[in-house]
Amino acid sequence: MRQHPTYQAIPAPLRSARCQLVPFSDTFVVSPRLGHVLGRRSPETHEAISVSTFKCHFKTPSPWLLPKPGHRFHLSGTVTEPATATEPEMTYKVAISFDRCKITSVTCGCGNKDIFYCAHVVALSLYRIRKPEQVKLRLPISETLFQMNRDQLQKFVQYLITEHHTEVLPTAQKLADDILSSNSEINQTHGAPDPTAGASIDDENCWHLDEEQVREQVKLFLSQGGYYGSGKQLNSMFAKVREMLRMRDSNGARMLTLITEQFMADPRLSLWRQQGTGMTDKCRQLWDELGALWVCVVLNPHCKLEEKSCWLRQLRKWGDMDVCPLEDGSYGNELPNITDALTQSSNHNSLTRPRRTVFTRAIEGCDLHWQDSHLQRIISSDFYVSPSYQRDGESLLFNAQGQPLWLEHVPTACARVDALRSHGYPKEALRLTVAIINTLRLQQQRQLEIYKHQKKELLQRGATTITNLEGWVGHPLNPVGCLFLTLTEACRLEEENCLEISDAGDAKPPVYQHVPVATGCQDSGESYLSLALEVALMGMGQQRVMPEGLYAQDKVCRNEEQISARLQELELDAVLVQALRKQCILLLEGGPFSGLGEVIHRESVPMHTFAKYLFSALLPHDADLAYKLALRAMRLPVLETTAPSGDVTHPHHLVSVVPSRYPRWFTLGHLESQQCELASTMLTAAKGDMLRLRTVLEAIQKNIHSSSLIFKLAQDAFKIATPADSNPDTTLLNVALELGLQVMRMTLSTLNWRRREMVRWLVTCATEVGVRALLSILQNWYTLFTPTEATSIVAATVMSHNTILRLSLDYPQREELAGCARTLALQCAMKDPQNCALSALTLCEKDHIAFETAYQIVIDAAATGMTYAQLFTIARYMEHRGYPLRAFKLASLAMTHLNLAYNQDTHPAINDVLWACALSHSLGKNELAAIIPLVVKSVHCATVLSDILRRCTMTAPGLAGIPGRRNSGKLMSTDKAPLRQLLDATISAYINTTHSRLTHISPRHYGEFIEFLSKARETFLLAQDGHLQFAQFIDNLKQIYKGKKKLMMLVRERFG
């Protein structure tokens, strides 16, 4: 009888159950990355657990060894989990069925609801692997029963029922009834089943997979949307599928099918389609990964034809469903078919292009095969080279060095690499990767030769066409990332006894070493690591058109950032620096084939993110090359106002006119921010180098078109130039000032909510630069600021005490600065007296001539260009500064602009009117006589007029004590001018207001009206015959409004 395989042959699901098993002494380490192995134990910790933690007691008749060939048996046991501080000791019954070194079914009393094996199943399996001698082997139960006589069989059955009577008695009774019935179905079948005997040698066997549990978990995660870490869990399931594929576990495709079925059944798909809205970004990424996994599955180099046909039918069924997501969201797709050649005809009608779903590439992948003899030789040997006698001429299969090439649509060839890598063929994937890179090198060399012949013409035209309609960065198949990962995985250093890192852990960056490229040619000195760097640079530097649609464009940006992050993990040594410099030079000389060439298409994907990495990487080794490359990458031609002349040869779908460019470039804001980041990186690096700073400044001024981003650069430069612990860098400070001045010019005539912040910052920056900078912005204010900004912010800040102290100015410098500020103030007051007059007066206080000039500007503008509110404000200022007569004149001018209606008793100008009258009264009888006619003409509100009248009769006029004037000290009479005119106007206003209020009065306002009449009587009584006038007025009201009986009754009660 054959024993179970040794530990080295442990079945794949045990190895893939997220456990790393490292034997030492009598314990083993379990690292449950997702918590699928240790049940209640924390998934974030690594625990050393003694084998005795799980006590395995085997009862007869277990395990079973089948009489047929192969490893088929049934293992059962009891697993005891020891007590903890919070949980008692628990015992579970576990049963595992094996068939040809695969676990085909498991059951455990713990009731585990997960797609992974529970800790008890793992423990029982390990016990059997570690201590096979302690597990006695037995025959299948059918063989044992065959050896028993009738009495033994009856005893066996009765004891079995007695032992488990509560569980099996109903089943036993039913079986007994069926056996005793001659017509039962059980008697129509020959023999009886034996679960311990295993399957037939011809039967298919596969690893145990709880399909229902997979469905339930995926359904649950999808129902949670992007919350509760559901996206992370679904990605973990995708990673599990990849792990199964790598172990060549047939359950990988089964599990992916189950996942896809639940994805297609997601009710949100139909909802999104009905509403015309796109799915969330996280959900879209999950669908992308689902499509990529299916490409890997159908490209399995050793799958059977019937399997591929079955997958193809299923993929087409899903793809034909209306709710199936499209490859690029809501937009059509113009990308070539996966099986087409690299050069595509682009003159097809975009309206008739076929519908492409997330499964289209997998469907197309079903047409690919691995039978090509050249391909087979590439992936099967490191030493496949061309015969020496063929190396002189042109060849489509080998390069000049005899190394094999693989001429296929690049993303398709990379999909083959991903399939080999995913299905557990890393060496084969490496070999094909090297062949693809050699092909890309040859293609790059030929592109350079083509460009040399076209260079003069292209430079004269200043335009080019896009040769790559399908960019490799952001591509659904991720070709650049696939090649890079394949190469770097071959160079990754794994530390001994390294535990798998948890998802939440802060892992150290990977460490790589140079591994020489295995080749049949002479030693080239290349390593897989240098090839990884090279292919990433080639892919990122490819000139490509910006794809259509928000998601496709966002995916380009995201993929760029992912590749850049992986590149930053590489520590650049001499070999990598050499490869970096070489590829950067080729990219700069690449013409229309490179995104960093001299001339690019107007809608070419910008290189800012890529160039930022290149600049930082090159700077310590070749500063000139780093700056040359980064400065060229600063351009963003889609924002230029006009398309380059002569750019008429590109396909119709690449045409972009100015009005339509912004809606099409959905990620324009992100691209501009990346452009700003690149510029900021260069500014930081160029600190102290005047020539380089000037070059970077010119590039910023030429290529960045967003005022907010230029302002951010100015702030960054200012911050770097003024460290807290050292002296400021004057060269960088001047750059910050120039950028700030450009921002001021750009936003002068446009609305910008940050404008005040920008103006204040510029004054601060100019202050740091010095007094010459402040003088310059004061003298050229009209090109930088509005008059209001110039007076209220710029000049006021420059003249402040803090600025004077900060600059440590001597007296001549202070006078020069003050003179410029006063000149600015007068110019602004002339241009915008309404908003700048008061500021101008304030700034000119200490210079008599300037102050008089500012005052005359106000007087000249008062008649036409200023409102009563502005004039009252300036008048109050004049009184505060000790110029009461000038304040009176301005108040009089303000009164001519005012019109206060009878019902405006809460108007904001009332306080100003009362103040103006009080000022006139304090100056004397003449001024009061001059202001009252203006009041009578402008104010028609009875309560306001009565208030003015009352104040004027309380004290004598002329109490201000104007020099040269006599003050009689007598109160003024209402019977004489000028108060007589005011009294008559007030009485008339009360009469008119009364009639107006009675026109639409309601009973709830009767009480308020009676009080109003009481105030009116007080005013009437100020006249000599006031009581007669008021009585006549009341009689008239009774006669005219006698229909309002209740109101008139209230009037009679109060006034007779």
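Each value, and the rule that gives it
- Residues numbered from 1 in each chain as written.
- Predicted model: local features only at pLDDT ≥ 70, side-chain atom pairs only at ≥ 80, totals over all residues.
- Heavy atoms only, no water.
- Helix = DSSP H or I, 4+ residues; strand = E, 2+ residues; numbered from the N terminus.
- Buried < 20%, exposed > 50% of the residue type's maximum accessible area, 1.4 Å probe, protein only.
- Contact = heavy atoms within 4.5 Å.
- Areas by Shrake-Rupley, 256 points an atom, 1.4 Å probe, with all protein chains shown as cover.
- Phe/Tyr/Trp six-rings, centres within 6.5 Å; stacked < 30°, edge-to-face > 60°.
- Lys NZ or Arg CZ within 6 Å of the ring centre and 35° of its normal.
- Core = buried A, V, L, I, M, F, W, Y, C linked by side-chain atoms within 4.5 Å.
- Axes fitted to C-alpha atoms, helices over the stretch in contact; angles between N-to-C directions.
- Parallel < 35°, antiparallel > 145°, perpendicular 65-115°, else oblique.
- Left-handed = near helix turned anticlockwise from the far one by under 90°.
- Nonpolar A, V, L, I, M, F, W, Y, C, P; charged D, E, K, R; others polar.
- Pairing = 2+ DSSP bridges.
- 1 Å grid on protein atoms, 1.4 Å probe; cavity = no way out; pocket = protein on both sides within 12 Å on 5 of 7 lines; lining within 4 Å.
- Points joined across faces, edges and corners; volume = space filled by probe spheres on them.
- Expected span 1.5 Å × (residues − 1).
- Patch = residues over 30% accessible without salt bridge, like charges linked within 9 Å, V, L, I, M, F, W, Y side chains within 5 Å.
- Salt bridge = Lys/Arg side-chain N within 4 Å of Asp/Glu carboxyl O.
- UniProt positions renumbered as here; feature names shortened; annotations may be inferred.
- Disulfide = S-S within 2.5 Å.
- pLDDT = per-residue confidence, 0-100.

Time to look at the overall build of the chain. When helices and strands are tallied, the chain shows 42 helices and seven strands. Looking at the chain as a whole, 49% of its 1056 residues qualify as buried. Long-range pairs, those at least 24 residues apart, make up 70% of the contacts in the chain with a sequence separation of at least 6. Of the roughly 52400 Å² of accessible surface on the chain, 53% is carried by carbon and sulfur atoms.

All right, on to the packing of aromatic side chains then. What characterises a pair of aromatic rings is the spacing of the ring centres plus the angle enclosed by the ring planes. The final tally for this structure, using the stated rule, is 15 aromatic pairs. Between Trp294 and Trp318 the ring centres are 5.7 Å apart and the planes differ by 55°, which places this aromatic pair in the tilted class. Here Trp294, found in helix α10 (residues 281–298), pairs with Trp318, found in helix α11 (residues 305–319); they are 24 residues apart in sequence, far enough to count as distant. Take Trp294: its relative accessible area is 1%, and that puts it in the buried class. Taking 5.6 Å as the distance between ring centres and 40° as the angle between the ring planes, the aromatic pair formed by Trp318 and Phe359 counts as tilted. Here Trp318, found in helix α11, pairs with Phe359, found in the loop between α11 and α12 (360–365); they are 41 residues apart in sequence, far enough to count as distant. An identical accessibility class is assigned to Trp318 and Phe359; each is buried. Of the aromatic side chains, those joined through ring pairs into one cluster are Phe238, Phe263, Trp287, Trp294, Trp318 and Phe359. Against the face of Tyr551 rests Arg284, its NZ or CZ located 5.0 Å from the ring centre.

Grouped together as the largest cluster of nonpolar side chains are 252 residues, with contacts concentrated most on Ile259, Phe263, Trp287, Trp294, Phe359, Leu683 and Phe785. The biggest single contributor to this core is helix α17 (residues 528–540), with 10 residues. If you look at the next biggest cluster of nonpolar residues, it comprises 16 residues, including Ile96, Ile103, Tyr117 and Cys118.

Moving on to the environment of Leu739. Structurally, Leu739 is set in helix α26 (residues 730–747). Residue classification places Leu739 among the buried positions, given a relative accessible area of 0%. C-alpha of Leu739 to C-alpha of Glu698: the two residues are 41 residues apart in sequence and 10.0 Å apart in space. Apart from the residues within four sequence positions on either side, Leu739 is in contact with Leu683, Leu697, Ile700, Ile710, Leu713 and Ala714.

Our next topic: the packing of α10 against α11. α11 packs onto α10 with a crossing angle of 155° between their chain directions and a minimal axis gap of 11 Å. When the interaxial angle is binned, α10 and α11 end up roughly antiparallel. Between α10 and α11 the crossing geometry is left-handed. Counting all contacts with α10, which are made through Trp294, Val297 and Val298, the residues of α11 involved are Lys308, Trp311, Leu315 and Trp318. In terms of residue class, the contact of α10 with α11 is built from six nonpolar, no polar and one charged.

Once that is clear, we can look at the pairing of strand β7 (residues 103–108). Direction of pairing for strand β6 (residues 90–99) relative to β7: antiparallel, over a ladder of five bridges. Across the sheet, Ser97 pairs through a bridge with Ser105, a residue of β7.

On to empty space enclosed by the protein. Scanning the entire structure with this criterion turns up nine cavities of 30 Å³ or more. Of the volumes computed, that of the second largest cavity is approximately 150 Å³. Every residue lining the second largest cavity is counted, 17 residues in all, and those nearest its centre are Asp382, Pro404, Arg431, Val434 and Ala518. Considering every element that reaches the lining of the second largest cavity, the biggest residue donor is helix α15 (residues 426–461), with five residues. Considering only residue class, the lining of the second largest cavity consists of 10 nonpolar, five polar and two charged.

Turning to helix α35 (residues 884–896), a few remarks are in order. Within an α-helix, residues lying three or four positions from one another point in the same direction, as the helix has 3.6 residues per turn. For α35, built from 13 residues, the straight-helix expectation of 18 Å at 1.5 Å per residue is met to within 8% by its first-to-last C-alpha distance of 19 Å. Looking at α35, one finds that the buried residues are Arg886, Ala887, Phe888, Leu890, Ala891, Ser892, Ala894 and Met895. Of the surrounding elements, those touching the buried residues of α35 are α33 (848–862), α34 (868–880), α36 (910–923) and α37 (925–938).

This next bit is on a nonpolar patch on the surface. Judged by side-chain polarity, Phe156, Val157 and Leu160 come together as a nonpolar surface patch covering roughly 230 Å² of accessible area. Judged by its relative accessible area of 41%, Val157 is partly exposed.

Turning our attention to the side chain of Ser97. Here Ser97 is to be found in strand β6. Those residues in contact with Ser97 that sit more than four places away from it in its chain are Phe73, His74, Lys102, Ile103, Thr104 and Ser105.

This next bit is on the UniProt feature "domain: SWIM-type" (unreviewed entry) in the chain. Mapped onto this numbering, the UniProt entry gives "domain: SWIM-type" (unreviewed entry) at residues 92–129. Annotated as residues 92–129, this span is 29% helix and 37% strand, and its ends, taken at the C-alpha atoms, are 19 Å apart.

Let us now look at the pattern of salt bridges. For the coordinates displayed, the defined rule picks out 43 salt bridges. Shared partners join several salt bridges into a network, and the residues in it are Arg242, Glu289, Asp418, Arg421 and Glu489.

It is worth spelling out helix α20 (residues 608–618) at this point. Judged by how many residues are buried, α20 sits mostly within the fold: nine of 11 residues are covered. In this fold, the buried residues of α20 make contact with α17, α18 (550–568), α19 (574–588), α21 (623–633) and α23 (668–685).

Turning our attention to unusual backbone geometry. Non-glycine residue Arg248 carries a positive phi angle of around 60°. Within the fold, Arg248 resides in the loop between α7 (230–246) and α8 (251–264). Of the residues examined, Arg248 reaches a relative accessible area of 51% and is grouped as exposed. Non-glycine residue Asn478 carries a positive phi angle of around 50°. Topologically, Asn478 is positioned in the loop between α15 and α16 (479–489).

The side chains of a regular strand alternate, first on one face of the sheet and then on the other. Within β6, seven of the 10 residues are buried, which leaves it mostly tucked inside the rest of the structure. Taking the residues that link successive antiparallel strands as the turn, the β6-β7 hairpin has three residues, and the phi of Arg100 there is positive, at about 50°.

Tracing the backbone shows Gln834 in helix α32 (residues 833–843). Judged by its relative accessible area of 30%, Gln834 is partly exposed. Taking C-alpha positions, Gln834 is 6.7 Å from Gly865, a pair spaced 31 residues apart along the chain. Those residues in contact with Gln834, other than ones at most four positions away along the chain, are Gly865, Met866 and Gln870.

Take the state of the cysteines next. Considering all chains together, one arrives at zero disulfides under this definition. With no disulfide of its own, Cys414 has Cys482 as its nearest cysteine by sulfur position, at a separation of 5.7 Å.

As for its placement among the helices and strands, Ser892 is situated in helix α35. Classification of Ser892 by relative accessible area gives buried; the value is 13%. Discounting chain neighbours no more than four positions away, the residues touching Ser892 are Ile931 and Leu934.

Another point: the confidence of the model for the chain. On average, residues of the chain score 82 in pLDDT, and 84% of them reach the 70 mark or higher. Looking over the chain, one finds the lowest element-wise mean pLDDT in strand β1 (residues 23–24), namely 26, and the highest in α20, namely 97. The low-confidence segment residues 497–505, where pLDDT is below 50, has 18 contacts with residues more than four positions distant or belonging to other chains. Across residues 643–663, confidence stays below pLDDT 50; counting only partners more than four residues off in sequence or on other chains, it has 39 contacts.

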